[in-house]
Amino acid sequence: MWFPKCELDEFFNVFGLLFQYLGIKHYLILTDLVKGKTLLKSVYGDLDFLKEYNPLLNLLWNDKDKIWMNHKLFTEKMEKIYPELIV
């Protein structure tokens, strides 16, 4: 979410209550972030690759579950490569 220049304390209180109501114990609220294009230029230099980038090319059809999945997260047998981040 983007909030124009305003006092964020009240929003933080409301989000805290919302996360508590939803049972979300761990959350992160970031403020004063850099502009996206500036960050990408500092990391990658030229941004021409964004014109051709298609994140859907990362997906392969999983016949077992009948859904599209990111093949970089699973083995050929569709077993998870990485452990769960939140246990």
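Not measured: the values here are computed from a predicted model.

Chemist: Explain the overall build of the protein to me, and be specific about the residues and the numbers.
Modeler: Each helix and strand in the protein was counted, giving three helices and two strands. Mapped in sequence order, the helices and strands of the protein form the string α-α-α-β-β. Here the protein, with 87 residues, has 9% of them falling under the buried criterion. Sequence-distant contacts, at least 24 apart, represent 0% of the contacts inside the protein between residues at least 6 apart. Split by element, the accessible area of the protein, about 8,900 Å² in all, is 61% carbon and sulfur.

Chemist: Before we move on, could you go through the pairing of strand β1 (residues 59–62) and cite the residues and values that matter?
Modeler: Relative to strand β2 (residues 67–70), β1 is paired through four bridges, and the arrangement is antiparallel. Considered in β2, the bridge of Asn62 is made with Ile67. Connecting the antiparallel pair β1 and β2 is a turn made up of four residues, with Lys66 showing a positive phi of about 60°.

Chemist: Lay out unusual backbone geometry with the relevant residues and their values.
Modeler: It is generally the case that most residues other than glycine have a negative phi and that most peptide bonds are trans. For Lys66, which is not glycine, the phi torsion reads 60° and is therefore positive. Looking at where Lys66 falls in the secondary structure, it is placed in the loop between β1 and β2.

Chemist: Report on the environment of Lys37, specifying residues and quantitative values.
Modeler: Mapped onto the elements of the fold, Lys37 is located in helix α2 (residues 36–44). Given a relative accessible area of 62%, Lys37 falls into the exposed group. Each C-alpha atom of the pair Lys37 and Leu47 lies 8.4 Å from the other, and the pair is 10 residues apart in sequence.

Criteria and thresholds
- Residues numbered from 1 in each chain as written.
- Predicted model: local features only at pLDDT ≥ 70, side-chain atom pairs only at ≥ 80, totals over all residues.
- Heavy atoms only, no water.
- Helix = DSSP H or I, 4+ residues; strand = E, 2+ residues; numbered from the N terminus.
- Buried < 20%, exposed > 50% of the residue type's maximum accessible area, 1.4 Å probe, protein only.
- Contact = heavy atoms within 4.5 Å.
- Areas by Shrake-Rupley, 256 points an atom, 1.4 Å probe, with all protein chains shown as cover.
- Pairing = 2+ DSSP bridges.

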